[in-house]
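Here's the letter readout for the chains.
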Amino acid sequence: MDLPYLKIKGRSLLPVIQGGMGIGVSAHSLAGAVAAEGAVGTIASVELRRLHEDLMRHLRRLRDPAASAQANLTALDREIQEARRIAGKEGFIAVNVMHAISGYREHVLQAIRSGVNAVIVGAGLPMDLPTLAAEFPNVALIPILSEARGVQVVVRRWMRQKRLPDAIVIENPQFAGGHLGATRLEDVADSRYGFANVLPAIRKLFEELGLKADQIPLVAAGGISSFQKMREIFSLGGSGAQLGTPFAVTTEGDAHINFKRVLADAMPKDLVTFMSSAGLPARAVLTPWLRRYLGRERRLRACASPDHSQCPSQTECLVHCGFKDGHSSSGQFCIEAQLAAAQRGDVEHGLFFRGAGQLPFGQQIRSVRELFATLLGETAQTSVEECIPRVAV
């Protein structure tokens, strides 16, 4: 490998974190395969119960938020154990926990107790994470942030709790997929989020805080899909890259093949940004459901009212849900149901999150190992793409 290793908790890893993609897109198969290659394999903790039919059969009879929450913890433990089986005892397994979910604290603790190497937190500022994980000093804690200001707030708060991040993922909302690291749609393409601005600014901040320049690795996320882009990140002071969509479309990805085809076949004109029901900008492929929703969005948001709010799935999965809470500033749809439909391959009704960058193999579905070869400047073995028909978007 021509690039430096990523150093986390005394481990030397390939300088790649596989991004966490929820509702079963990055579960044990993908995370285990990535960790087996020597990088950070990440399970997204949100709504993993949907991957386990025995749990879902039980829940259909109950329709109880507390039972759903417990089922998700059971599923999380199962997925971690299966990922560990694939990766081996030396594999570096992380769990991505959204700060915005209702069971944030429980998911963090379950992940740690189930034996993960790291907890990665996005979709909010994890101010309390060091205290939450205080009894587990050997577990790496990694926040996802987007600019120097947020890094300063988090690092200062963590320093008062006698702990530093073991790495920080710096997400550029202009290129990332899913929920983006900006609070307003008009800010998504703001140049202040560019890596050329953010990475040097954070290194300067570390100096002001009395930290060594390389004391906290900075891992860039968004639009990175080649060896050349990896090298650019290192030249700016980065220590690695996090990738989501390129891993989602690998053969080892946990989502249905229709999901992979939708992401791989999407052109730039097919991608849109919009307000999620989580109250954050998001990026996805303009598939039939999303096209219909956006056509009705203005009317739905105008009708939103806290007086008529309820969780249609009775899972209460988010702390803040514009749909459930009747907040007109947020999306008016059940994000859990739409993402679950996408994961199981329902092109007509699913919401398909995707990053804006070009994929390393274009429309081809290739393996995790081949993706690493491309990212790290090695020569991949020739692979025949799976013979799967295209899915119209």
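Residues numbered from 1 in each chain as written. Predicted model: local features only at pLDDT ≥ 70, side-chain atom pairs only at ≥ 80, totals over all residues. Heavy atoms only, no water.

- Going by the annotation in an unreviewed UniProt entry, the name recorded for the protein chain is Nitronate monooxygenase, with Acidithiobacillus ferrooxidans given as the source organism.

## Considerations on the pattern of salt bridges
Okay, step 1: Within the structure shown, the criterion is met by 18 salt bridges.
Okay, step 2: Here Arg50 makes a salt bridge to Glu336, at a shortest N to O gap of 2.5 Å. On the criterion of sequence distance, the pair formed by Arg50 in the loop between strand S4 (40–44) and helix H2 (53–62) and Glu336 in helix H13 (residues 335–343) is long-range, its members being 286 residues apart.
Okay, step 3: Between Glu348 and Arg292 there is a salt bridge, and its shortest N-O distance comes to 2.7 Å. With a gap of 56 residues between them, Glu348 in the loop between H13 and helix H14 (368–375) and Arg292 in helix H11 (residues 288–303) connect regions that are remote in the sequence.
Okay, step 4: Judged by relative accessible area, Glu348 falls into the partly exposed class, the value being 38%.
Okay, step 5: The network of salt bridges with common partners includes Glu47, Arg49, Arg50 and Glu336. (Salt bridge = Lys/Arg side-chain N within 4 Å of Asp/Glu carboxyl O. Helix = DSSP H or I, 4+ residues; strand = E, 2+ residues; numbered from the N terminus. Buried < 20%, exposed > 50% of the residue type's maximum accessible area, 1.4 Å probe, protein only.)

## Quick look at the packing of helix H3 (residues 65–87) against helix H4 (residues 104–113)
Okay, step 1: Contact pair H3 / H4: the axes reach a minimum separation of 10 Å and the direction vectors enclose 30°. Here H3 is positioned roughly parallel relative to H4, judged by the angle of their axes. In the packing of H3 onto H4, the handedness of the crossing is right-handed. Across the interface between the two elements, Asn72, Leu73, Leu76, Asp77 and Ile80 from H3 touch Glu106, His107, Gln110 and Ala111 from H4. (Axes fitted to C-alpha atoms, helices over the stretch in contact; angles between N-to-C directions. Parallel < 35°, antiparallel > 145°, perpendicular 65-115°, else oblique. Left-handed = near helix turned anticlockwise from the far one by under 90°. Contact = heavy atoms within 4.5 Å.)

## Re the confidence of the model for the protein chain
Okay, step 1: Residue-level pLDDT values for the protein chain average 91, and 92% of them are 70 or greater.
Okay, step 2: pLDDT under 50 marks residues 380–393. Its contacts with residues more than four places away, or in other chains, come to 31 contacts. (pLDDT = per-residue confidence, 0-100.)

## Topic: the packing of aromatic side chains
Okay, step 1: In total, this model carries six aromatic pairs according to the counting rule given.
Okay, step 2: Taken together, a centroid distance of 6.3 Å and an interplanar angle of 50° make the contact between Phe274 and Phe333 tilted. Taken together, the residues span a long stretch of sequence, with Phe274 in strand S12 (residues 271–275) and Phe333 in the loop between helix H12 (322–325) and H13 at a distance of 59 residues.
Okay, step 3: When its relative accessible area of 2% is taken as the criterion, Phe274 is described as buried.
Okay, step 4: For Phe333, a relative accessible area of 4% puts it in the buried group.
Okay, step 5: Here Arg366 stacks its cationic end above the ring of Phe361, 4.4 Å away from the centre of that ring. (Phe/Tyr/Trp six-rings, centres within 6.5 Å; stacked < 30°, edge-to-face > 60°. Lys NZ or Arg CZ within 6 Å of the ring centre and 35° of its normal.)

## Details of H4
Okay, step 1: Among the residues of H4, Tyr104, His107, Val108, Leu109, Ala111 and Ile112 are the ones counted as buried.
Okay, step 2: Looking at the buried side of H4, the elements it contacts are H3, strand S5 (92–98), strand S6 (118–122) and helix H5 (129–132).
Okay, step 3: Looking one or two residues beyond H4, the residue adopting positive phi is Gly115, at roughly 100°.

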